[in-house]
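# Architecture and fold: a report
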Amino acid sequence: MQTSDTSQNKIKKLKLDFKDSKYATGRRKRSIAKVWIKKGSGSIYVNGLKMNEYFKRPVHQIIVTRPLEISQVTSNYDVKCSVKGGGLSGQAGAIILGISKALIAHDENLKKGLKKDKLTTRDSRVVERKKYGHRKARRSFQFSKR
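First, a word on scope: everything that follows refers to the structure included in this document. (Residues numbered from 1 in each chain as written. Predicted model: local features only at pLDDT ≥ 70, side-chain atom pairs only at ≥ 80, totals over all residues. Heavy atoms only, no water.)

## Considering the pairing of strand β2 (residues 31-39)
Sheet topology places strand β1 (residues 22-28) next to β2; seven bridges connect them, and they run antiparallel. For A24, the partnering residue across the bridge sits in β2 and is V35. Taking the residues that link successive antiparallel strands as the turn, the β1-β2 hairpin has two residues, and the phi of K29 there is positive, at about 55°. Of the pairings in the sheet, the one linking β2 to strand β5 (residues 77-84) comprises eight bridges and is antiparallel in character. Looking at the pairing, I37 lines up with V79 of β5. (Pairing = 2+ DSSP bridges. Helix = DSSP H or I, 4+ residues; strand = E, 2+ residues; numbered from the N terminus.)

## Examining the environment of A92
Examined against the element boundaries, A92 turns out to sit in helix α4 (residues 88-106). The exposure class of A92 is buried, given its relative accessible area of 0%. Sequence separation between A92 and I63 is 29 residues, and the spatial gap between their C-alpha atoms is 6.7 Å. Non-local contacts of A92, meaning those with residues more than four positions away in its chain, are made with F55, H60, I63 and V64. (Buried < 20%, exposed > 50% of the residue type's maximum accessible area, 1.4 Å probe, protein only. Contact = heavy atoms within 4.5 Å.)

## A word on the packing of aromatic side chains
The description of an aromatic ring pair rests on the distance of the ring centres and on the angle between the ring planes. Taken as a whole and assessed by the stated rule, the structure comprises two aromatic pairs. Centre to centre, the rings of Y23 and W36 are 5.2 Å apart; their planes meet at 50°, and the pair counts as tilted. Of the two residues, Y23 sits in strand β1 while W36 sits in strand β2, which places them 13 residues apart along the sequence. Classification of W36 as partly exposed rests on a relative accessible area of 23%. Note on Y54 and F55: the rings are 5.0 Å apart at their centroids and 90° apart in plane angle, and the pair reads as edge-to-face. Here Y54 and F55 have matching classes, each one buried. Seen from the ring of W36, K80 lies directly overhead, with NZ or CZ sitting 4.7 Å from the centre. (Phe/Tyr/Trp six-rings, centres within 6.5 Å; stacked < 30°, edge-to-face > 60°. Lys NZ or Arg CZ within 6 Å of the ring centre and 35° of its normal.)

## Side note on the nonpolar core
The tendency in soluble globular proteins is for nonpolar side chains to be buried as a group. Core analysis: the biggest nonpolar cluster contains 28 residues, and V46, F55, V64, V79, I95, I99 and L103 have the highest contact counts within it. Broken down by secondary-structure element, the contributors of at least two residues to this core are β2, β3 (44-46), α2 (51-54), α3 (58-70), β5 and α4. (Core = buried A, V, L, I, M, F, W, Y, C linked by side-chain atoms within 4.5 Å.)

## Section: the pattern of salt bridges
Under the defined criterion, the tally for this structure stands at four salt bridges. The residue K131 makes a salt bridge to E128 at a minimum N-O spacing of 2.7 Å. What you see here is one network of salt bridges that share partners, running through R28, D123 and R125. (Salt bridge = Lys/Arg side-chain N within 4 Å of Asp/Glu carboxyl O.)

## Examining the side chain of H60
With respect to the helices and strands, the residue H60 is situated in helix α3. The class for H60 is buried, based on a relative accessible area of 4%. Beyond its immediate stretch of four places on either side in the chain, H60 contacts F55, L88, S89 and A92.

No statement about biological role is implied by the geometric values presented.
Have a look at this one:
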């Protein structure tokens, strides 16, 4: 009895047909996003789930849809992403870059608006490594005089 209840509670992953679509890769921190984009109704899927099921926080949902809103094609394209690595903020940033690149590959006229909002360049900031003799990357251990 319990096995059937747990299988019903899980959210179903959808198999999507994305033939004749444009592909792009986006990266941010430790996250890598593969993005496919095609003409459609404006649905966004991340790792087989709807975008608002994958990204629960509204901030992440707004971030992901930003390139589509800037280029004013929110309801014209379907987006399919597969993301791995990093946290949710890094994954959202990777998806932004992937969507922007794919939109430009699909329609070159959208490049001007996306470039103006700096959505076409990779954010190269990553976590600084921890140094020897320090507690963190720059923070030292507490100094004790006596």
